[in-house]
Each structure stands twice: as C-alpha cells, then as structure tokens.
Amino acid sequence: MNAASGGYRRRPLNWRGGLAVGAFLVLWELLVRFKVPGIATVPGPIESLVVFWNKYATQAAYWQSWLASFRRVLLGFVFAQLLGIPLGLLLGTRDRFRELVFPVIELLRPIPPLAWVPLSILFWPTHEFSIVFITFIGAFFIITINVFDGVRAIRREHIWLARSLGASEARIFRRIVLPSVLPAIGVGMTLGMAVTWNVVIAAEMIAGDNGLGRLTWEGYVSHTSTVVIIGMVSIGIAGYLSVLVISWLERRLAPWRD
Amino acid sequence: MSELTSPSSGHIRVDGVSKRFAQADGGGTVALEDCSFTVEPGKLTVLMGPSGCGKSTLAYLLAGYLDLDVGRVTIDGVPVQGSGPDRMLVFQETALWPWMSVVENVMFGPLARGVMSRQDARREALELLAQFGLGGFGERYPKHLSGGMKRRAELAQALINRPKVMILDEPLRGLDVMTRELMQEYYMQLFERTHCTTLFITSELEEAIFLADRLLFMSPAPGRIIETMEVDLPHPRGFETMETARYLEIKRRATDVLNQSGAFQEV
C-alpha cells in the first residue's frame, strides 16, 4: 500500500514506555515497603491490586462507575467538538463574525470549568446535565481556540495557489482549509480530552452520585485509601485510553503527518 | 511538451507600478515605486535584486494576489485583475498541499475548473510527472520528495494548466548547491522545449545569466528597474556555457551594473 492511499500503519509497541510504568510500580512498592516517610500510609500497588481483584474487578457497581464517567466525558466532549469546530472555523474565516463573537469567548474562556459548577447546578434540571455541561465547557474553549488558531496559521500560499488554479471558495474550504486545520483539531481534541477527564472527576466529586470521581471521593470520605488508589489509577487508565483513541483518530484523519 | 504552452503569448507589460503596505502604527512601507518593464513572449526574463527590494511583491502583483496602488500591469494587453491559471507562480517555499498525493496536487487545477474528467486529469498528471522524472512518485505525499523533486512537481502542477506565463519566485532558494545547479540546467532544458514566457526571480548572478534571455536589475527598496541587459548566449545552454568567453563578458558587465547601482551592497 502506498503512502498516500490513506493506509494506516500500526505503530510498534513502545516497550520503553511499558518498562517505565513497570519501574514506577516497583519504586512505589519499595517506597511503601521501606516505610519511607510520607508514603508509609499509602497502600502499595500489590495491595491495591489484590483489593481490586477481590472486591472490585467483578463488582458491577465499579464498572458502572467507569461507564458513567465515560458517558459524561463522551457527551461533553462530542458536544464541545460539534459546536467548537464550526465556531473556530467561523472565527478564523469570517472577520465580522470574529469581531462580534471573539470578545465574548475571550471573556468566558479564562473562567475555570469548575467555577461553572454552582451556576450549572442551578441552571440544569439534574446533576447529570450539570456534570455533562461542565465537561462540555472544559473541552469547548480549547477546541474552539485551537481551530481558530489553525485557520489563522494556514499558509496564504496554499490558498493563493488554489485560487490561481481556479478553485471555488467552497472547494478551497473543503480541500484546503479543512485539511490544513485537521492537525489543530487533533491537538485541540487531545488537550480537550485531558481537561475533560480532569473536569468530570472534579464535578463528580462535587455533584455526582456515581462515576470514578465519586468512587475516589467515597474512598477518601471512608478513609479507605486502597479505594482512593483504585479510583485514581482507574481515572488514569480511562484518560489514557481516551487519548489513545483520539491519537488513533488523528492518524486516520491526517495520514500524511505520519 | 511544447503543446503545454503557447510561446507566442504572455507579453507582460508593467507600467509605473507602485505598492505600499500599511502598518498597524499608521506608517507604511513602500515596496515598489514607479517600476516599469516588459517581458517578451516566449522569452526567459530574469529579475535580480537585493533582499527586501520588492521582488516577491512584484511576483504577487503579476500573479494577481495583491492589488496595485498605482500603475498598470497587462498580459497580452489585458489588465491583470485577480489570480488565474494563465499566470502560474512557483513560490520560494514549496506550496504543494501536504495532505494530497503528488498526483492529486498536479491534477487539482484541471479538476477545480472542471476542464477535464477525473480520469483524464489523472492520466495527464501521471504522464507529466513521468516526463518530469517523477514517474514512481505520483502516489506519494510531498513530504516524501526531495527539495528538487518538489520543485519539479510544482512545475508539473503549473504546466498542466497550460499557462501563458510562468513566474518563479526564487524557486531554487534553499536547495543545496548540487541540486540547485541540476535544477538550473533542468529548468533551462524545460524552457528550451516549451518556450513558456517566464519571469524568473533570483538573487544569484550566475544563475541569472545562465538562464536569462534578458536580465532586469532592481534597486534596493523601494524597488524599481534600474538596468536591463540582453543576454545573447546561444541555446541550447549547458554548464559548459558558463565557461565561454561570452558568458564571462556578460558576467563582468552585470557585476559592473550591480557595483554601480549599489543594489547588492547590503547583501
């Protein structure tokens, strides 16, 4: 298969990364075993794994926590992309629209997503809606600004050349502007996904009645530190898997960058 | 390949052209001032000038990417208004679209204007690429091509549209010395086959003399033409041309022009 036919090449396994994760777990276990000050009260990875295997691996409630968090992340993230990508494209390509709308975005953008929690709880009819909305906020401004910057970074020569060759504005948008912006969309999605997980966990701790954030918080409240560790590691794995999906999607959409 | 262009068309006339760029602080930069020259059809005219003298601005005006402030630019008597496939510009930096394969880059123009079916455009693009020594690279992405190959792909991308005029804005800048010399000879051979009216912009004197039928010298900014020199070296030209007494004589005269004008003092 030639390089330009859109073929997807599987990347070789990153054994160094696996080794680093293994080394981290070994170091963590050793620090706990040797009761290094500050770490002594933290459960080690083996103890956490044993508790996980005996109590959580087969527990439906645990996996429902995963599902609940993933559903919120997915909903908030997808809505953010659906609104943020067209908005970023409009901001980047329409001067009047940018002059009108950009100041509002710049005013709202610095507000941390968690600062929206009280208003969100008041505004939306259920906590579920509130959490999804806050998750949406976490990804929305990131993708909007990334797409906007992506449009502004398009090389003028690429547009000029297409115009010289007689392309219509619609064709230029479809064949030149959109592919030019795809890498920026990929970056925006990756950053947005990371923030989305941060936000959903915090929102679940504040307002949720299930989810990985809630699980972690309940571990803290009940002084069950193994549960806190299981929650944290679960969140880490969930976030990592989400970013892997985004990276895969990015490579499929922009194979020329590989 | 000669059917790709019409050597009898593409008479460029630039009359008293000035161009000023406004700046955010209210000031401005005058890039060109009272710039006038002609490019004869079927000839290769080389424009030389120091960095920042407005060479690229002039190329963009001819291509229709910028509007004139003062003056007039015509091609075959028709004023230039906006860009079009009759004037193809090869930029300093490659402008191949990295997300399209090389053949898709080349066939974009005929497809965009609807003058060829996809099948015909693809067949002609592949034929053209083969003629340009890129036969096996049509399905690759531009990033898989070397600097010289990208330049050749861009020439194919331009010539498939049968332009009246080719404008090459320092197309060999940034290439290593060996590739640059090979590309000079390559473009010379291409021109001798097509006789496509060409305005070739460069700041390299030896490259300019080797390629030119006529040399235009530009002043430092604001740019204007300060000297025109006919180059009557016989065709076909090869690297051996650069060792002839006539070439050396032209080079000496061109160097005198540059020294007297002070055009290259800041280079």
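Residues numbered from 1 in each chain as written. Chains lettered and ligands numbered in written order. Predicted model: local features only at pLDDT ≥ 70, side-chain atom pairs only at ≥ 80, totals over all residues. Heavy atoms only, no water.

> Sorry if this is basic, but what is going on with the sheet that holds strand β3 (residues 44-48) of chain B here?
Sheet strands associate in pairs through backbone hydrogen bonding, adopting either a parallel or an antiparallel arrangement. All names here are of chain B. Ordered by their spatial adjacency, six strands build an open sheet running β6-β7-β8-β3-β9-β10, and the pairing between neighbours is mixed. Of all the strands in the sheet, the pair left with one neighbour each is β6 (87-90) and β10 (225-230). Ignoring strand direction, the axes of neighbouring strands in this sheet form an average angle of 15 degrees. Contacts from helix α1 (residues 55-63) reach β3, β6, β7 (165-169), β8 (197-202) and β9 (214-218) within the one sheet, and its direction differs from that of β7 by about 155 degrees. The sheet strands contacting helix α5 (residues 177-194) are β3, β7 and β8, and the helix crosses β8 at an angle near 165 degrees. (Pairing = 2+ DSSP bridges. Helix = DSSP H or I, 4+ residues; strand = E, 2+ residues; numbered from the N terminus. Axes fitted to C-alpha atoms, helices over the stretch in contact; angles between N-to-C directions. Contact = heavy atoms within 4.5 Å.)

> Please explain the pattern of salt bridges as it appears in this structure.
Oppositely charged side chains are able to pair whenever their charged atoms sit close together. Residue and element names in this part refer to chain A. Inspection of the entire model under this criterion finds 29 salt bridges over all chains. We note a salt bridge from glutamate 169 to arginine 163, for which the minimum N-O separation is 3.0 Å. Arginine 163 sits in the partly exposed class, given a relative accessible area of 36%. The network of salt bridges with common partners includes Arg71, Arg72, Glu128 and Glu204. (Salt bridge = Lys/Arg side-chain N within 4 Å of Asp/Glu carboxyl O. Buried < 20%, exposed > 50% of the residue type's maximum accessible area, 1.4 Å probe, protein only.)

> How should I be thinking about the environment of B:Tyr60 in this particular structure?
One can find B:Tyr60 in helix α1. The sequence separation of B:Tyr60 and B:Thr29 amounts to 31 residues, and the corresponding C-alpha distance is 16 Å. The contact partners of B:Tyr60, leaving out residues within four places of it in the chain, are A:Arg156, A:Glu157, A:Trp160, B:Tyr65, B:Leu66, B:Leu89, B:Phe91 and B:Asp169.

> How should the packing of aromatic side chains be read in this particular structure?
Remark: the centre distance and the inter-plane angle together describe each pair of aromatic rings, the angle taken between the planes. Evaluated as defined, the whole model comprises 27 aromatic pairs over all chains. Arranged with centres 5.2 Å apart and planes meeting at 40 degrees, the rings of A:Trp217 and A:Tyr220 form a pair that is tilted. Of this pair, A:Trp217 and A:Tyr220 are both found in helix α9 (residues 212-221), three residues apart, which corresponds to roughly one turn of the helix. Taking relative accessible area as the criterion, A:Trp217 reaches 33% and is therefore assigned partly exposed. Given the relative accessible area of 52%, A:Tyr220 is considered exposed. Seen from their ring centres, B:Tyr187 and B:Phe200 are 5.9 Å apart, and the 50 degrees between their planes marks the pair as tilted. Here B:Tyr187, found in helix α5, pairs with B:Phe200, found in strand β8; they are 13 residues apart in sequence, far enough to count as distant. Just as B:Tyr187 is buried, B:Phe200 falls in that class too. Three or more aromatic residues link up through ring pairs in this structure, and these residues are A:Trp116, A:Phe123, A:Trp124, A:Phe129, A:Phe133, A:Phe136, A:Phe140 and A:Phe141. One residue, B:Arg152, lies across the ring of B:Tyr186, its end atom 5.6 Å from the ring centre. (Phe/Tyr/Trp six-rings, centres within 6.5 Å; stacked < 30°, edge-to-face > 60°. Lys NZ or Arg CZ within 6 Å of the ring centre and 35° of its normal.)

> How should the sheet that holds strand β4 (residues 70-75) of chain B be read in this particular structure?
Residue and element names in this part refer to chain B. Read across the open sheet, the four strands follow the order β2-β1-β4-β5; overall the sheet is antiparallel. In this open sheet, the two edge strands, each paired with only one partner strand, are β2 (28-39) and β5 (78-79). Pairing between strand β1 (residues 12-22) and β4: five bridges, direction antiparallel. Opposite serine 18, over in β4, you have valine 70 as the bridge partner.

> Can you help me understand the interface of chain A and chain B in this one?
When the parts of a complex come together, some accessible area is lost, and that lost area is often used as the size of the interface. On the chain B side, the residues contacting the 25 residues of chain A number 29 residues. For the pairing of chain A and chain B, the buried interface totals around 2,500 Å² over both sides, and the portion due to carbon and sulfur atoms is 64%. Of all residues in chain A, A:Trp160, A:Leu165 and A:Trp256 give up the largest surface area on contact with chain B, accounting jointly for 28% of the area buried on that side. Counting across the chain A and chain B interface gives zero salt bridges. There are six residue pairs in polar contact (both at pLDDT 80 or more) connecting chain A and chain B. Those elements giving two or more residues to the side of chain A that touches chain B turn out to be α7 (156-164) and α8 (169-207) of chain A. If one sorts the elements of the side of chain A that touches chain B by residue count, α7(A) sits on top with eight residues. Considering only residue class, the side of chain A that touches chain B consists of 11 nonpolar, six polar and eight charged. (Buried area = accessible area lost by both parts, 1.4 Å probe. Polar contact = N/O pair within 3.5 Å; in protein donor to acceptor, adjacent residues only side chain to side chain. Nonpolar A, V, L, I, M, F, W, Y, C, P; charged D, E, K, R; others polar.)

> Help me out: how do you make sense of unusual backbone geometry in this one?
For residues that are not glycine, phi is negative in most cases, and the peptide bond is trans in most cases. Put simply, B:Ala221 and B:Pro222 share a cis peptide bond, and its omega is -5 degrees. Mapped onto the secondary structure, B:Pro222 falls in the loop between β9 and β10. With an omega of -5 degrees, the peptide bond between B:His235 and B:Pro236 qualifies as cis. In this model, A:His223 sits at a positive phi of 55 degrees, which is unusual for a non-glycine residue. Summarising the element assignment, A:His223 is placed in the loop between α9 and α10 (225-253). Positive phi values are uncommon outside glycine, yet B:Asp76 reaches one of about 55 degrees. With respect to the helices and strands, B:Asp76 occurs in the loop between β4 and β5.

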